[in-house]
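# Results of the structural survey
Listed below, chain by chain, are the residues.
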Amino acid sequence: MERNGDFGSGRALAGPAPPLPRRVVDVSGHAVGRDFVLIAGPCAVESPEQTLLTARRVKAAGAHMLRGGAFKPRTSPSAFQGLGARALEILRAARDDTGLAIVTEVMDPRQIGEIGEVADVFQVGSRNMQNFPLLRELGRTDRPVLLKRGMNATLDEWLGAADYVLAGGNDRVILCERGIRTFETCTRNTLDLSIVPAARTRTPLPVIVDPSHGTGRDDLILPMSLAAVAAGADGLLIEVHPDPPRAWSDAQQQLTPDAFDALAAAVRALVAHLGGTCP
Ligand code: PEP
Ligand code: MN
């Protein structure tokens, strides 16, 4: 029989470890870790029209933050790398129009100044979870950091990465599960929802879930979003595009605005049913 790590420690008899106190991370007035948070938007900023339309629709559906990639970490250097500085201007305009807080990815410590002009939250992507110079530099900022789990990272490695930011004096870290690599090929990654309650026993930091990259399949986003709520996630990160088949990146996993409307309504109903709040 496989032995669970708790056997021999006495914990198996004592029951699960009690959850730690929870840290609330303020993002532009949203209390992440207390209130359930919806972060939505396109994989990549492609044009002012595409971004603004998406921003207005996800805002109307009740999203709290707009996500959109300006600098994209692509597997191939010949794939679309993001619009860069132009995308940051588009995100700024979308924030001015909708009031949504902006979440966008930073890959290099040298980008922090430029991206920090626009981003309310610095996203660290899966491929950069152990980019230690980047994490250290983000630790010197006062801006919230959304730290995605590396696709091959254990909980210990993920929390170690978070410690790099915390050690610099920035305690505003939000963890994001986005799927890990397994042998399964019917999904892009395997969304590890067990990490949500497991992380609770180890860290006070909020934990959100990204079923878009976690599954890579638009048909699986709604059920896995509901499962994430049931597992105790503090929020969701969802890719939304006005015309997913024509998206310049991650076309298979982006929801239409109409599908996001339905998802947001279902998620809110489940959060409320479970006694949570989603203002
Ligand atoms: C993204 O959120 O656009 C992204 C690239 O995600 P990940 O780092 O999880 O692959
Ligand atoms: Mn993407």
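Residues numbered from 1 in each chain as written. Chains lettered and ligands numbered in written order. Predicted model: local features only at pLDDT ≥ 70, side-chain atom pairs only at ≥ 80, totals over all residues. Heavy atoms only, no water.

## Side note on the overall build of the chain
For the chain, the count of helices and strands is 10 helices and 10 strands. Over its C-alpha atoms the chain spans a radius of gyration of 18 Å, differing by no more than 12% from the 19 Å that the globule rule assigns to 279 residues. Taken along the three principal axes of its C-alpha coordinates, the chain extends 60 × 40 × 40 Å. Looking at the chain as a whole, 52% of its 279 residues are labelled buried. (Helix = DSSP H or I, 4+ residues; strand = E, 2+ residues; numbered from the N terminus. Rg over C-alpha atoms; globule rule 2.2 N^0.38 Å. Buried < 20%, exposed > 50% of the residue type's maximum accessible area, 1.4 Å probe, protein only.)

## Focus on helix H3 (residues 85-98)
An ideal rise of 1.5 Å per residue puts 20 Å on 14 residues; H3 measures up with 20 Å between its terminal C-alpha atoms. Taken together, the buried positions of H3 are Ala87, Leu88, Ile90, Leu91, Ala94 and Thr98. An end-on view of H3 places all buried positions within 160° of arc, on one side of the element. Next to the buried residues of H3 lie helix H2 (48-60), strand S4 (65-67), strand S5 (101-105) and helix H4 (112-116). Directly beyond the C-terminal end of H3, a positive phi value near 80° is found at Gly99. (Expected span 1.5 Å × (residues − 1). Arc of directions from axis to C-beta. Contact = heavy atoms within 4.5 Å.)

## Brief notes about the nonpolar core
Counting 62 residues, the largest nonpolar core has Leu147, Leu175 and Phe260 as the members making the most contacts within it. Top element by residues in this core is helix H6 (residues 155-167). It accounts for 6 residues. Every residue in contact with Leu147, bar those within four places of it in the chain, is listed here: Val124, Met129, Leu135, Trp158, Ala161, Ala162, Val173, Ile174, Leu175 and Cys176. (Core = buried A, V, L, I, M, F, W, Y, C linked by side-chain atoms within 4.5 Å.)

## Points about the site of ligand 1
Surveying the vicinity of ligand 1 reveals the residues Arg67, Lys72, Pro73, Glu105, Gln123, Gly125, Ser126, Arg127, Lys148, Arg178, His213 and Glu239. Residue Ser126 places a main-chain N or O atom 2.8 Å away from an oxygen atom belonging to ligand 1. Contacts to ligand 1 include Arg178, whose side-chain N or O atom sits 2.7 Å from an oxygen atom. Considering ligand 1 on its own, with 300 Å² of exposed area, one finds that the protein chains cover 97% of that surface. (Near = heavy atom within 4 Å. Polar contact = N/O pair within 3.5 Å; in protein donor to acceptor, adjacent residues only side chain to side chain. Areas by Shrake-Rupley, 256 points an atom, 1.4 Å probe, with all protein chains shown as cover.)

## So, the environment of Met224
Looking at the secondary structure, you find Met224 in helix H9 (residues 218-230). Excluding residues within four positions of it along the chain, Met224 makes contact with Leu191, Leu193, Pro211 and Thr215.

## A word on the coordination of the manganese ion (ligand 2)
Looking at the manganese ion (ligand 2), the protein donor atoms are Cys43 (SG), His213 (NE2), Glu239 (OE) and Asp250 (OD), and they sit 2.0 to 2.4 Å from it. All donors of the manganese ion (ligand 2) belong to a single chain; written as a sequence motif, their spacing is C-x169-H-x25-E-x10-D. Here His213 lies in helix H8 (residues 211-215) and Cys43 lies in the loop between strand S3 (37-41) and H2, a separation of 170 residues in the sequence. Residue Cys43 is classed as buried on the basis of its relative accessible area of 2%. The exposure class of His213 is buried, given its relative accessible area of 9%. (Donors = N, O, S within 2.8 Å, 3.2 Å for Na, K, Ca; no water.)

## A closer look at the pattern of salt bridges
Tallying each qualifying case throughout the model produces 20 salt bridges. Between Lys148 and Asp210 there is a salt bridge, and its shortest N-O distance comes to 2.6 Å. Placement of Lys148 in strand S7 (residues 145-148) and of Asp210 in the loop between strand S9 (207-209) and H8 is noted, with a sequence separation of 62 residues between them. By the burial criterion, Lys148 is buried, and Asp210 matches it. In this structure, the salt-bridge partner of Arg217 is Asp219, at a minimum N-O distance of 2.7 Å. (Salt bridge = Lys/Arg side-chain N within 4 Å of Asp/Glu carboxyl O.)

## Side note on the pairing of S5
Among the 5 residues that make up S5, 5 are buried, leaving the element largely enclosed by the rest of the structure. Burial along S5 is two-sided: Ala101, Val103 and Glu105 and Ile102 and Thr104, pointing in opposite directions, are all buried. In the sheet, S4 pairs with S5 via 3 bridges, with the strands oriented parallel. Opposite Leu66, over in S5, you have Ile102 as the bridge partner. In this fold, the crossover linking S4 to S5 by way of H3 has right-handed handedness. (Pairing = 2+ DSSP bridges. Right-handed = clockwise from strand over helix to strand, strands pointing away.)

## A look at the side chain of Thr54
For Thr54, the position within the fold is in helix H2. A residue is classified by how much of its surface remains accessible, and Thr54, at 0% relative accessible area, is buried. If sequence neighbours within four positions are ignored, Thr54 has contacts with Gly41, Pro42, Val240, His241 and Pro242.

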